[in-house]
Amino acid sequence: MARTDRISDPWGSRTPYAAGEPWPQRVDRYLTPGLTDDDVDRWVQSAAVLHSNGDGLDIAVKDGRIVGVRGRADDRVNHGRLDPKDLFGWQANHARDRLRTPLIRQDGVLVESDWDTAMDRIVARSRQLLDERGPNSIGFYTSGQLFLEEYYTQCVIAHGAIGTNHVDGNTRLCTATAAEALKESFGCDGQPGSYTDVDHADVIALYGHNVAETQTVLWMRMLDRLAGPNPPAIVCIDPRPTPVARHATVHLAPLPGTNVALMNGLLHEILDHDWMDHDYIEAHTVGFHELRKRVAEFPPERVADICGVDPDDVRRAGELIGTAERLLSTVLQGFYQSHQATAAAVQVNNIHLVRGMLGRPGCGLLQMNGQPTAENTRECGADGDLAGFRNWANDSHIEELATLWNLDVTAIPHYAPPTHAMQMFRYAEEGSLRMLWVSATNPAVSLPELGRIRRILSQDRLFLVVQDLFLTETAQLADVVLPAAAWAEKTGTFTNADRTVHISDKAVDPPGQARSDFDIFLDYARRMDFRDRDGRPLPAWNTPDEAFEAWKRCSAGRPCDYTGLSYEKLRGSGGIQWPCNAEHPDGVERLYAGGEFFAAPDYCEAYGKDLITGAPLEPTEYRAMNPFGKAIIKAAEYVPPHERPSAEYPCVLITGRTVYHFHTRTKTGRTPQLQAAAPEVWVELARADALRAGIVEGDLVEIRTVRGCVTAAARLTDLRRGVVFLPFHYGYWDTGDDGGKDGHHRAANELTLTDWDPVSKQPIFKTAAASVRRIGAGMAATPEPVAHAVADEHL
Ligand SMILES: Nc1nc2c(c(=O)[nH]1)N[C@H]1C(S)=C(S)[C@@H](COP(=O)(O)OP(=O)(O)OC[C@H]3O[C@@H](n4cnc5c(=O)[nH]c(N)nc54)[C@H](O)[C@@H]3O)O[C@H]1N2
Ligand SMILES: Nc1nc2c(c(=O)[nH]1)N[C@H]1C(S)=C(S)[C@@H](COP(=O)(O)OP(=O)(O)OC[C@H]3O[C@@H](n4cnc5c(=O)[nH]c(N)nc54)[C@H](O)[C@@H]3O)O[C@H]1N2
Ligand SMILES: [Mo]
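Residues numbered from 1 in each chain as written. Chains lettered and ligands numbered in written order. Predicted model: local features only at pLDDT ≥ 70, side-chain atom pairs only at ≥ 80, totals over all residues. Heavy atoms only, no water.

> Help me out: how do you make sense of the sheet that holds strand β18 (residues 480-483) in this one?
Where strands meet in a sheet, backbone hydrogen bonds hold them as pairs that are either parallel or antiparallel. Taken in spatial order, the 7 strands of this open sheet run β7-β6-β18-β17-β16-β8-β9, and their pairing is mixed. Each having just a single partner strand, β7 (109-112) and β9 (167-169) make up the two edges of the open sheet. The mean inter-strand angle of the sheet, taken between neighbouring strand axes irrespective of direction, is 20°. Relative to strand β17 (residues 463-468), strand β16 (residues 435-439) runs parallel, the two being bridged by 5 bridges. Each residue of the ladder has a partner; that of S439, found in β17, is Q467. Sitting on the sheet, helix α2 (residues 115-132) touches β6 (103-106), β8 (138-142), β16, β17 and β18, and the angle it makes with β18 is about 130°. (Pairing = 2+ DSSP bridges. Helix = DSSP H or I, 4+ residues; strand = E, 2+ residues; numbered from the N terminus. Axes fitted to C-alpha atoms, helices over the stretch in contact; angles between N-to-C directions. Contact = heavy atoms within 4.5 Å.)

Here is the structure:
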């Protein structure tokens, strides 16, 4: 057994392995200091929820409280390893300021209440709005952090029982582009690759994905390959000198917002050198001709000019990717939170299509997820999709849903695609949306342009329901606050980024009167007395287990087929990948083996969009373009970012994450080891830029855009010049020491803009024009991690 400080070394010890070998196990464990395994009453099976990796773990319980966690050695995802957030983050479950009772707003202030009073308020307002204004006055803004059973219940209530089209998740900010890029290329959502592709790849390309800090266990797998014989080459596409960049064979640091130009340049190299699989292109794709024409316009010199990179680096990256025998690609927010998000992500798909690298070991494509259960939001139709990856523009798919839910077809709105979140907030701003039910997300910190979001959420005419573990910045604006049970306090299932389904069993009771989101949604449905067309209660289930069984019926025959799974089968397992059915009882490792896609016109989830404007294709257009359901190669022109640096705002601001915090820190900010590791906001500046502005390490700096300003301590790095990076984790809930609630000077989203990718509608968090100015000497000279937190490793 080794003991490692997982704050100073988030990744722990190496267990090197060679291509094609199994990844060795390493069981990570953290127990409350002073306790040993002998003190633990029981271990309860679950998986990690502070990222999308789905690392299998067991929760240690003693006297009805969580006292630690331990990785599951035989889980297919992590082989026992855990992330620092997962080792320590469970402590937030026991935070003293958990919500324990419902709260209602009375005479302008939130006061403690009880479930009957709070739910009756919500029901009364819902009924009034349905009578006076109709279903589209009610919207649901949910999450990528609930369980499958909770989303499916919410989906049936919203799309079916109420019949509103306004249902989306914070997945819009997160994985909308992943879903959209998969739909554009393969006709349907569904992750092609598998994490085991790391075990086989000879080149791993990471596009706008700081995997080292955001999926640390996946990075451990890559680090272990790098430490073994025949290590893979790493290509890193990221403007920052991330830990991934430090291990890269080629690091391309493009100017933010120029990804499409860069991708066209890489494809130019691949096509120009004929590093292609012509048989595959011919047999399994449509659209290649357009790609050839488009990328011919992007020779390395032009790309270097647009992206501000060395043309030889474009050539070297193109050659590595073009000559790889087993290419694994991963894509995340550096691509997705950009103005040409889908267009750029689709070009990564194109690389795999022209190289015929899909469905084989090592030839993985991971259009990543971020949140632990974002995959389920999408599958279950709790975002702007329909349940079971059904196509809103295909009437027979709507009929299937109507049959499943025993409703009239007309009860399910499908006159237009479900409303995306940015549009829902616009409707709330305009006043057509009058009730917004926010569950498991904190938009008052995570949405762009917070000044505007606060104005929208504080309106009197908007009835705001917030369901959370804590009195977040968003909950403080609510009319009714509902206390939710957290992970480990409820049972359900969820699916990670490589389609691995895990069960998470209830380990302890929730605090006070807190209830699971599942029970809350169902309670609402019963109080609203929703019925199907035969007068039976809708949704037709009462327990998570029953909801899972109903979901299996909904998923039957669809790409995300769960019919071969059950709670019993998942218990004790190391995670099972969908589709899992009679034909594939152990699940399916990789999609699209043999060039078979889910893209047939009658089966596909979407008919696709124009990559520049987002205009949807008509069903007849799709049928004409792709009658046999092949993969679709879509080319895209490069369009510069809308908000570009100016004399007044000369820098490009990008935002993102650190390894120590999760999002708006409601959990990690309440975890002593993690909060101590990154207690305050900082800003990363390029050394040369700092020197010119007279800024030294630790100085207080003001970052300003037309929308607002933030003050942060300077951290000087090898970031490319002209770029500024702010983590977006810091809202204002613990700013008592520096100005309290009125000081909106920490959150990165004070600065970001209201704008989105026209195709996926994902907001742009990664480009804004900003200025930087020194305002004084800092208090802390070094914003580097200071805390220490030792965990066990069993090799
Ligand atoms: N520790 C930690 N882990 C997490 C989370 C967390 O909050 N904390 N959140 C989870 C969630 S929900 C998500 S979505 C994922 C996100 O995981 P990532 O996408 O890996 O994280 P980000 O830091 O948002 O962005 C990744 C990188 O994009 C780069 N980037 C910015 N602009 C551009 C650009 O124009 N082009 C390119 N090529 N790169 C650019 C940034 O420099 C940054 O390093 O992480 C998940 N895991
Ligand atoms: N500037 C900038 N902004 C960004 C991003 C960025 O990179 N830059 N990234 C975007 C991305 S990818 C994401 S995913 C979003 C994340 O943004 P948010 O979703 O707003 O972030 P979280 O802090 O994870 O909020 C989740 C909330 O759910 C609560 N919660 C946790 N578990 C449960 C549960 O079981 N039930 C209930 N009811 N509540 C629960 C938590 O306490 C927390 O308040 O931020 C987006 N915003
Ligand atoms: Mo995310």
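Moving on from the model shown.
> Would you explain the sheet that holds strand β14 (residues 327-331) in this entry?
Strand order in this open sheet of 5 strands is β12-β11-β10-β14-β15, and the pairing throughout is parallel. Looking at strand neighbours, the two that pair on one side only are β12 (250-252) and β15 (365-367), the edges of this open sheet. Neighbour-to-neighbour, the strand axes of the sheet open up by a mean angle of 10°, direction not taken into account. Where strand β10 (residues 203-207) lies against β14, 5 bridges are found, and the strand directions are parallel.

> Help me out: how do you make sense of the packing of aromatic side chains in this one?
Aromatic ring pairs are reported here in terms of the distance separating the ring centres and the angle at which the planes meet. As enumerated under the stated definition, the model contains 22 aromatic pairs in all. Between F186 and Y592, the ring centres sit 5.0 Å apart and the planes meet at 35°, which makes this aromatic pair tilted. Note that F186 is positioned in helix α4 (residues 176-186) and Y592 in the loop between β21 (576-577) and α23 (619-625), a separation of 406 residues in sequence. A ring pair is formed by W437 and Y524, whose centres lie 4.8 Å apart and whose planes are at 80°; its orientation type is edge-to-face. (Phe/Tyr/Trp six-rings, centres within 6.5 Å; stacked < 30°, edge-to-face > 60°.)

> I would appreciate a short explanation of the domain arrangement of the protein chain in the present structure.
One frequently used descriptor of interface size is the decrease in accessible area upon assembly of the parts. Each assigned domain of the protein chain is listed here: domain 1 (29-94), domain 2 (103-174 + 373-552), domain 3 (176-368 + 612-632) and domain 4 (651-776). The distance between the C-alpha centroids of domain 2 and domain 4 comes to 30 Å. For the domain 2 and domain 4 pair, buried surface summed over both sides reaches about 2200 Å², with 59% attributable to carbon and sulfur atoms. The interface formed by domain 2 and domain 4 includes 1 salt bridge. Viewed at the interface, domain 4 and domain 2 are joined by 12 residue pairs in polar contact (both at pLDDT 80 or more). Those elements that place two or more of their residues in the side of domain 2 that touches domain 4 are α18 (443-446) and α19 (450-457). No other element matches α19, which puts 4 residues into the side of domain 2 that touches domain 4. Its residues placed into classes, the side of domain 2 that touches domain 4 shows 10 nonpolar, 7 polar and 5 charged. (Domains from an automatic or database assignment. Buried area = accessible area lost by both parts, 1.4 Å probe. Salt bridge = Lys/Arg side-chain N within 4 Å of Asp/Glu carboxyl O. Polar contact = N/O pair within 3.5 Å; in protein donor to acceptor, adjacent residues only side chain to side chain. Nonpolar A, V, L, I, M, F, W, Y, C, P; charged D, E, K, R; others polar.)

> Help me understand unusual backbone geometry in this model?
Backbone phi values are negative for most residues with the exception of glycine, while trans is the configuration of most peptide bonds. The residue after L538, namely P539, is reached through a cis peptide bond having omega -10°. Residue position: P539 is located in the loop between α20 (517-528) and α21 (544-555). Cis geometry is found at the peptide bond from W578 to P579, where omega equals -5°. Of note, P579 is situated in the loop between β21 and α23. Even without being glycine, E449 reaches a positive phi, approximately 50°. Among the secondary structure elements, E449 is positioned in the loop between α18 and α19.

> Could you clarify how one ought to interpret the site of ligand 1 in this entry?
Around ligand 1, the surrounding shell holds 32 residues, and the nearest of these are T214, D238, R240, R657 and H661. Take N259: an N or O atom from its side chain is 2.9 Å from a nitrogen atom of ligand 1. Q333 is positioned with one of its backbone polar atoms (N or O) 2.9 Å from an oxygen atom of ligand 1. Alone, ligand 1 offers 910 Å² of accessible surface; in the complex the protein occludes 100% of this. (Near = heavy atom within 4 Å. Areas by Shrake-Rupley, 256 points an atom, 1.4 Å probe, with all protein chains shown as cover.)

> Can you walk me through the pattern of salt bridges in this structure?
Pairing of side chains with opposite charge becomes possible as their charged atoms draw close. Considering all chains together, one arrives at 58 salt bridges under this definition. Between K490 and E150 there is a salt bridge, with the nearest N and O atoms lying 3.1 Å from each other. Taken as a pair, K490 in the loop between β18 and β19 (492-495) and E150 in helix α3 (residues 148-162) lie far apart in primary sequence, 340 residues in all. The class of K490 is buried, set by a relative accessible area of 7%. (Buried < 20%, exposed > 50% of the residue type's maximum accessible area, 1.4 Å probe, protein only.)

> Honestly, the site of ligand 2 in this entry has me stumped. Any pointers?
Of all residues adjacent to ligand 2, which total 32 residues, the nearest are N170, N442, S446, D468 and T664. Contacts to ligand 2 include Q337, whose side-chain N or O atom sits 3.0 Å from an oxygen atom. Side-chain polar atom of K490 to an oxygen atom of ligand 2: 2.9 Å apart, as the coordinates give it. Within the complex, the protein chains bury 99% of what would otherwise be the 910 Å² of accessible surface of ligand 2. Considering only residue class, the shell around ligand 2 consists of 11 nonpolar, 16 polar and 5 charged. Both domain 2 (103-174 + 373-552) and domain 4 (651-776) contribute no fewer than three residues apiece to the shell around ligand 2.

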